[in-house]
Amino acid sequence: MWGGRFAAGPDEVMAAINVSIGFDRRMAKQDLEGSLAHVRMLEAKGLISAADSSAIQSGLGTIESEIREGRFPFREAYEDIHMNVEARLAELIGAAAGRLHTARSRNDQVATDFRLWVRDEIDAGVVQLDALIRALLDKAEAHAADVMPGFTHMQSAQPVTFGHHCLAYAEMFGRDRGRLLDARKRLNESPLGAAALAGTSFPIDRHATAKALGFDQPMRNSLDAVSARDFALEYLAAAAILAMHLSRLAEEIVVWSTPQFGFVRLSDRFSTGSSIMPQKKNPDAAELVRAKTGRVFGALIGLLTVMKGLSLAYAKDMQEDKETVFSAADTLALSLAAMAGMVGDMTIDAQRMHAAASAGFATATDLADWLVRTLNIPFRDAHHITGRLVKLAEGRGVDLTGLTLHDMQSVEPRITNDVFGVLTVDASVASRTSFGGTAPANVKREVAAWRARLAQS
């Protein structure tokens, strides 16, 4: 395709390092979309004849069918998806195929294909995120009032509801969703027509091709159009944060499903057994989601490294942009599917969670707050009094509710019997009605708000 300048073909090693059809064939759909938009524009501008345009469009349709049906002859001799399509087009329609490349370069072609591919992945990722968020909302609604320990430093801190905990992840994944959609907005400009790097002397209509491909507008600088890969980096950055959030939830599922915690049980569909220990039921899906985070992180760092020293405009280094993005997108899609499945299938042991929440003096802050509200004691003094009561209870091997009124009055004489009304974990979570708090009524309200938000998007 490009051999006119060369007296000999490439060395075998050169061919091996140069070829990309093994991975960029994944952009075949986008390559065909871009070519169809381009040829229709060329015809509309009178740059090719209607007959040639018709032949090219027909040939591209045949190629699309061949690819869809697995009959397309992908060949390494043609390096990449763009030249494979062009070569096959020439076989199908003859010399007219050569007119397709009028007023474009592989530089703007690949930039366009790659943007379209990443845009499609963003759209698919948002759909998967919505499914995961809905699974979390279902669990939050079903367990809006079920109490569990809330942790700081992995130590029991204050009781929360399981529904509230699920909604925390819904919020995280909601922000991930927003990051992907924000990246999509900035991505959605067309490089097509920038040609190699300087634009073209042909009177093309870049706005027409941009519109045909669903872009908001053409990119405004031809150098930037062919050399920018920040759209892929922004996608990977959003993907890395999303993968980190998936890993945090996976870690909690791994911990919660241990016999020592026993908060959740995973279904057989998302667990495996042991080759030697018949009693084992391992949370392998969660562990693999946790581990695969490294792949997405690595993809981001890899592409940043590829791009960091490149001067304008295009360099062959950029061929290394796709494999990492493809791998990260595959990893993310699999992890999202696994997590949505695990969350949807897992069962909650509300009784076990409630018992764990009731241990460890989890309502000590409620006691301190009661002292502030009821006895008008400054919070720092109330904190000190409560600490002494915790120490007293700990020494007797009981929780705060195990202390008598006399015990409490030995530390603070003004304490009354009313204090016991705030010392249960159920009373504690019910009292947390501040905006964003864990109270069951708050949880139900937030679930409804989330469902309405998803329905409108």
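Refer to the preceding data block for the structure.
What comes next is a walk through the structure.

About the cut-offs
Note on numbering: residues in each chain are counted from 1, in written sequence order. The predicted origin of the model limits local features to residues at a pLDDT of at least 70 and limits the giving and counting of side-chain atom pairs to 80 or more, whereas totals for whole chains, interfaces and linings rest on all residues. Side-chain figures throughout are based on the complete set of non-hydrogen atoms in the structure, without hydrogens or water. Helix numbers and strand numbers start at the N terminus; a helix is a DSSP run of H or I with at least 4 residues, a strand a run of E with at least 2. Radius of gyration here uses only the C-alpha atoms, and the compact-globule reference equals 2.2 Å multiplied by the residue count raised to the power 0.38. Burial classes: relative accessible area under 20% of the type maximum marks a residue as buried, over 50% as exposed, and values in between as partly exposed (1.4 Å probe, protein chains only). Should any heavy atoms of two residues lie within 4.5 Å, those residues are counted as being in contact. Accessibility throughout is a Shrake-Rupley quantity obtained with a 1.4 Å probe, and a residue counts as covered only by protein chains that appear here. Only four residue types enter the charge count: Lys and Arg as positive, Asp and Glu as negative, with His and the chain ends excluded. Think of each charge as sitting on NZ of Lys, CZ of Arg, CG of Asp or CD of Glu. To count toward a patch, a residue needs a relative accessible area above 30% and no salt bridge. Like charges then connect within 9 Å, nonpolar side chains (Val, Leu, Ile, Met, Phe, Trp, Tyr) within 5 Å. In the sections that follow, a salt bridge refers to a side-chain nitrogen of Lys or Arg positioned within 4 Å of a carboxyl oxygen of Asp or Glu. Only when DSSP finds a minimum of two bridges between them are two strands counted as paired.

1. Some details on the overall build of the chain
Then step 1. Helices and strands together make up the secondary structure of the chain, namely 18 helices and six strands.
Then step 2. In terms of overall dimensions, the chain is more spread out than a globule: its C-alpha atoms have a radius of gyration of 30 Å, far above the 23 Å expected for 457 residues.
Then step 3. In the chain, buried positions account for 47% of the 457 residues.
Then step 4. Considering only contacts in the chain between residues 6 or more positions apart, those separated by 24 or more positions represent 74%.
Then step 5. Carbon and sulfur atoms provide 54% of the accessible area of the chain, an area that totals close to 21600 Å².
Then step 6. The distance from the centre of the 50 positive side-chain charges to the centre of the 55 negative ones in the chain is 2 Å.

2. Some points on unusual backbone geometry
Then step 1. Cis peptide bonds are those with omega within 30 degrees of zero, and the linkage from leucine 312 to alanine 313 qualifies with 10 degrees.
Then step 2. Structurally, alanine 313 can be placed in the loop between helix H11 (284-307) and helix H12 (321-345).
Then step 3. Backbone geometry places alanine 103, a non-glycine residue, at a positive phi of 65 degrees.
Then step 4. Along the polypeptide, alanine 103 turns up in the loop between helix H5 (81-93) and helix H6 (106-142).
Then step 5. A positive phi angle, near 55 degrees, is found at histidine 153, a position not held by glycine.
Then step 6. Checked against the element boundaries, histidine 153 lands in the loop between strand E1 (147-152) and strand E2 (155-161).
Then step 7. Looking at histidine 153, the relative accessible area reads 75%, which means it is exposed.

3. Details of the environment of glycine 150
Then step 1. Tracing the chain through its elements places glycine 150 in strand E1.
Then step 2. Under the relative-accessibility criterion, glycine 150 is labelled buried at 11%.
Then step 3. Expressed as a C-alpha distance, the spacing of glycine 150 and histidine 82, which sit 68 residues apart in the sequence, is 55 Å.

4. Notes on a nonpolar patch on the surface
Then step 1. A cluster of nonpolar side chains, Leu197, Leu223 and Leu312, forms an exposed patch at the surface whose accessible area comes to about 260 Å².
Then step 2. Its location among the elements puts leucine 312 in the loop between H11 and H12.
Then step 3. When its relative accessible area of 62% is taken as the criterion, leucine 312 is described as exposed.

5. Digging into the pairing of E1
Then step 1. Examined bridge by bridge, E1 and E2 share six bridges and lie antiparallel to one another. Its bridge partner lying in E2, valine 147 is registered against threonine 161.
Then step 2. What sits between the antiparallel neighbours E1 and E2 is a turn of two residues, in which histidine 153 has the positive phi angle 55 degrees.

Structural measurements only, silent on function.
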